[in-house]
Amino acid sequence: MSQSNTARPATGSVPSPGGTRPEPIKAIKLRHPWRIVFAAILILLLVWFIVDASQRDAYGWQYVGKYVFDRRISAAALVTLQLTIYSMIIGVVLGLVLAVMRLSPNPVVKSVAWLYLWIFRGTPVYVQLVFWGLFSLIYPQVFLGVPWTQVGFDLNLGFMQNAFVIAIIGLALNEAAYMAEIVRAGLLSVDEGQEEAATALGMSWWQTMTRIVIPQAMRVIIPPTGNEVISMLKTTSLVAAIPLTTDLYGVARDISAVTYTPIPLLIVASLWYLLFTSLLMVGQYFLEKRFSRGVNARRPDRNDPALATGALPAAGAPDGNDLGGKG
């Protein structure tokens with residue numbers, strides 16, 4: 001006798017030999033009592049800390065409420081946002097160029113990019129900011145032209161005496177080294193077959209990059225880039241090395257030096273940093289969701305028991321309700 005290959009709906013239960021249908025399996029949810037206990041302990045510790053902190057005069061909550069919306073603090077928060085945005089824009093563009101240089105078959109171009117990454121990733125950002133703060137003293141003017149001749153012109157670096165500009169340049173050059181590796185990893189995550197298929201369809205290099213490679217690479221690029229933006233927001237507190245004191249941390253520190261309230265002003269600065277970080281995290285979430293469309297579409301429909309395991313029967317094979325064997 002031949003084996004039955006007739007497909008039957010996967011939603012019904014298997015009838016017993018006697019013709020009666022068996023009772024459905026009653027699933028019992030697995031209990032985790034220790035999770036509840038551990039969560040309750042953490043909540044109690046948090047409540048205890050909040051109650052204890054509210055009763056300590058060292059925190060100076062009255063000063064926190066006084067300065068959290070102070071005009072000087074809000075203006076400094078705007079400066080911090082400007083430093084973050086400008087530095088990240090320059091860092092991303094320069095990082096993209098360095099990533100392309102790293103992937104170039106030209107050994108000279110690749111070596112130049114590697115040397116840049118080696119220097120800026122191998123030295124602390126605080127040291128770099130100190131150096132850029134002293135750059136105008138080392139090089140007040142730069143001669144651009146033919147070496148050992150008078151053919152050329154002098155470039156005045158007076159703009160390097162502006163602390164705000166120096167801070168943007170220093171932060172951006174450091175960030176570019178990290179963004180280069182992030183972009184390079186994203187481009188390498190796309191299979192080469194995608195480019196070959198686009199070329200076979202007659203697409204140009206620009207069309208291949210903008211329509212095929214970059215949209216797929218963005219799934220890999222966006223999460224670490226979001227982390228870099230958040231990290232840059234907090235790294236702006238190091239611009240005091242230039243020195244630049246108009247940022248959020250610098251203004252909070254100056255106010256605390258006059259009022260002798262360092263802890264309340266640190267809390268004020270932390271609240272503003274937390275606000276900006278929370279907004280950036282929300283934006284990162286929606287960007288990741290936007291560029292991850294279709295990635296999780298392989299999850300089976302939970303309403304279809306036949307697909308609950310994520311496996312589909314092969315063509316001509318008995319389905320999940322077929323007893324198989326010879327009839």
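Residues numbered from 1 in each chain as written. Predicted model: local features only at pLDDT ≥ 70, side-chain atom pairs only at ≥ 80, totals over all residues. Heavy atoms only, no water.

(A) Structural view of the overall build of the chain. Helices and strands together make up the secondary structure of the chain, namely 11 helices and 2 strands. Within the chain, the fraction of its 327 residues that count as buried is 29%. Intrachain contacts of the chain at a sequence separation of at least 6 include 72% that bridge at least 24 residues. (Helix = DSSP H or I, 4+ residues; strand = E, 2+ residues; numbered from the N terminus. Buried < 20%, exposed > 50% of the residue type's maximum accessible area, 1.4 Å probe, protein only. Contact = heavy atoms within 4.5 Å.)

(B) Region of interest: the packing of aromatic side chains. By the definition in use, this model includes 9 aromatic pairs. Ring geometry for Phe131 against Trp132: centres 5.4 Å apart, planes inclined by 70°, an arrangement best described as edge-to-face. Linked through ring pairs, Phe131, Trp132 and Phe135 together constitute an aromatic cluster. (Phe/Tyr/Trp six-rings, centres within 6.5 Å; stacked < 30°, edge-to-face > 60°.)

(C) Molecular detail of the layout of surface pockets. Approximately 880 Å³ is the volume found for the largest pocket. Forming the walls of the largest pocket are 30 residues, and the residues nearest its centre are Leu96, Val183, Leu187, Ile214 and Ile221. Mapped onto the lining of the largest pocket, the elements with two or more residues apiece are helix H3 (71-102), helix H7 (163-188), helix H8 (192-200), helix H9 (205-235) and helix H11 (262-291). Here the residues of the lining of the largest pocket sort into 23 nonpolar, 5 polar and 2 charged. (1 Å grid on protein atoms, 1.4 Å probe; cavity = no way out; pocket = protein on both sides within 12 Å on 5 of 7 lines; lining within 4 Å. Points joined across faces, edges and corners; volume = space filled by probe spheres on them. Nonpolar A, V, L, I, M, F, W, Y, C, P; charged D, E, K, R; others polar.)

(D) Summary view of H8. For H8, the N-terminal capping position is held by Asp191, with its side-chain oxygen 2.7 Å away from the main-chain nitrogen of Gly193. Where H8 terminates, the next one or two residues include Gly202, which has phi positive at roughly 90°. (Polar contact = N/O pair within 3.5 Å; in protein donor to acceptor, adjacent residues only side chain to side chain.)

(E) Focus on the packing of H7 against H9. Close contact between H7 and H9 brings their axes to 9 Å; oriented N to C, the two are set at 145°. By crossing handedness, the relation of H7 to H9 is classed as right-handed. Seen from H7, the contacting residues are Leu171, Glu175, Tyr178, Met179, Ile182, Val183, Ala185, Gly186 and Leu187; seen from H9, they are Met209, Val213, Ala217, Val220, Ile221, Pro224, Thr225, Glu228, Met232 and Thr235. Classifying every residue of the contact of H7 with H9 gives 14 nonpolar, 3 polar and 2 charged. (Axes fitted to C-alpha atoms, helices over the stretch in contact; angles between N-to-C directions. Left-handed = near helix turned anticlockwise from the far one by under 90°.)

(F) The arrangement of the side chain of Thr235 in detail. Mapped onto the fold, Thr235 is located in helix H9. Looking at Thr235, the relative accessible area reads 17%, which means it is buried.

(G) Summary view of the nonpolar core. Counting residues in each nonpolar core, the largest one holds 40 residues, and the members touching the most others are Leu83, Leu98, Tyr116, Trp132, Val239 and Ile242. Elements that contribute at least two residues to this core include exactly H3, helix H4 (107-122), helix H5 (125-133), H7 and H9. Top element by residues in this core is H7. It accounts for 13 residues. In this structure, Leu83 is in contact with Phe164, Ala167, Ile168, Thr236, Val239, Leu244 and Asp247, ignoring residues within four places of it in sequence. Counting 18 residues, the second largest nonpolar core, distinct from the first, contains Ala76, Ala77, Leu248 and Leu265. (Core = buried A, V, L, I, M, F, W, Y, C linked by side-chain atoms within 4.5 Å.)

(H) Structural detail: the pattern of salt bridges. Tallied over the full model, the rule gives 5 salt bridges. Linking Asp70 and Arg72 is a salt bridge whose minimum nitrogen-to-oxygen distance equals 3.0 Å. Its relative accessible area of 17% is what places Asp70 among the buried residues. Several salt bridges share partner residues, and in doing so they unite Arg102, Arg121, Glu181 and Arg184 into one network. (Salt bridge = Lys/Arg side-chain N within 4 Å of Asp/Glu carboxyl O.)

(I) Layout of a nonpolar patch on the surface. Taken together, the side chains of Trp34, Val37, Phe38, Ile41, Leu42 and Leu45 make up a nonpolar region of the molecular surface, amounting to roughly 670 Å² of accessible area. Its place among the elements puts Leu45 in helix H1 (residues 33-54). (Patch = residues over 30% accessible without salt bridge, like charges linked within 9 Å, V, L, I, M, F, W, Y side chains within 5 Å. Areas by Shrake-Rupley, 256 points an atom, 1.4 Å probe, with all protein chains shown as cover.)

(J) Representation of the environment of Thr245 within the structure. When you line up the elements, Thr245 lands in the loop between H9 and helix H10 (248-259). A residue is classified by how much of its surface remains accessible, and Thr245, at 35% relative accessible area, is partly exposed. If we ignore the near neighbours within four places in the chain, the residues touching Thr245 are Gly250, Val251, Arg253 and Asp254.

In short, shape yes, function no, at least from these values alone.
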